[in-house]
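# Summary of the model geometry
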Amino acid sequence: RSVILAYLNDGPNLVTLPMNGWREGEPAWSLNLQAKPQAQVRLPGGGNHIVVAHAAAGEERARLWDLWRSVDKNLDGYARRRPSETAVVVLEPRT
């Protein structure tokens, strides 16, 4: 399956937020990555890359949430619409 995701660069990693229009529940692609964290990413003009996904936690999550907040000043307000915390997913290049 293919999905189009918004992402930010964090060094060699890509960072994305799995959400269902800010409603409860995780999108299917996020659940798929939880079950099988390896995936292929196709970036505009950059070819295909194999990545391994993990959910950021602790200080890493806080830092990456702040990175997203720098792009969208309303991020916290949108996130409050969800009854549970919005995950931050890191896609690391597989070495």
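The structure we're discussing is the one just above.
Residues numbered from 1 in each chain as written. Predicted model: local features only at pLDDT ≥ 70, side-chain atom pairs only at ≥ 80, totals over all residues. Heavy atoms only, no water.

### A closer look at the environment of S84
This is how it is decided: Counting from the N terminus, the helices are the DSSP runs of H or I reaching at least four residues and the strands are the DSSP runs of E reaching at least two. Think of a polar contact as two N or O atoms within 3.5 Å of one another; within protein, one of them needs to be a possible hydrogen donor and the other a possible acceptor, and neighboring residues in sequence only count if both atoms come from side chains.
Checked against the element boundaries, S84 lands in the loop between α3 (75–79) and β5 (89–93). Separated by 3.1 Å, the side chains of S84 and E24 make a polar contact.

### Overview of the nonpolar core
A general feature of soluble globular proteins is that nonpolar side chains tend to end up buried together. Test applied: Here, the term nonpolar core denotes a set of buried Ala, Val, Leu, Ile, Met, Phe, Trp, Tyr and Cys residues that are joined through side-chain atoms within 4.5 Å. Three exposure classes are used, based on accessible area relative to the maximum for each residue type with a 1.4 Å probe and protein chains only: buried under 20%, partly exposed in between, and exposed over 50%. We call two residues in contact when some of their heavy atoms are within 4.5 Å.
In this structure, L8, V15, L17, W22, A56, L64, W65, W68, L75, A79, V88 and V90 together form the largest nonpolar core, which totals twelve residues. Breaking this core down by element, the ones donating at least two residues are α2 (58–71) and α3. Per element, the largest residue contribution to this core is three residues, and it comes from α2. When residues no more than four places from it in sequence are discounted, the contact partners of L8 are N13, L14, V15, L67, W68 and V71. Among the nonpolar cores identified, the runner-up in size contains eight residues, and L14, L33, V89 and L91 belong to it.

### Remarks on the side chain of N13
Relative to the assigned elements, N13 resides in strand β2 (residues 13–16). Residue class for N13 comes out buried when judged on its relative accessible area of 12%. Apart from residues lying up to four places away in sequence, N13 is in contact with L8, V90, L91, E92 and P93.

### Observations regarding the pattern of salt bridges
Heads up, the rule is: Here a salt bridge means any side-chain nitrogen of Lys or Arg lying within 4 Å of a carboxyl oxygen belonging to Asp or Glu.
Overall, the coordinates contain five salt bridges when judged by the stated rule. With a closest N to O distance of 3.5 Å, E26 and R82 form a salt bridge. Of this pair, E26 sits in the loop between β2 and α1 (28–35) while R82 sits in the loop between α3 and β5, and the two are 56 residues apart along the sequence. With a relative accessible area of 24%, E26 lands in the partly exposed category.

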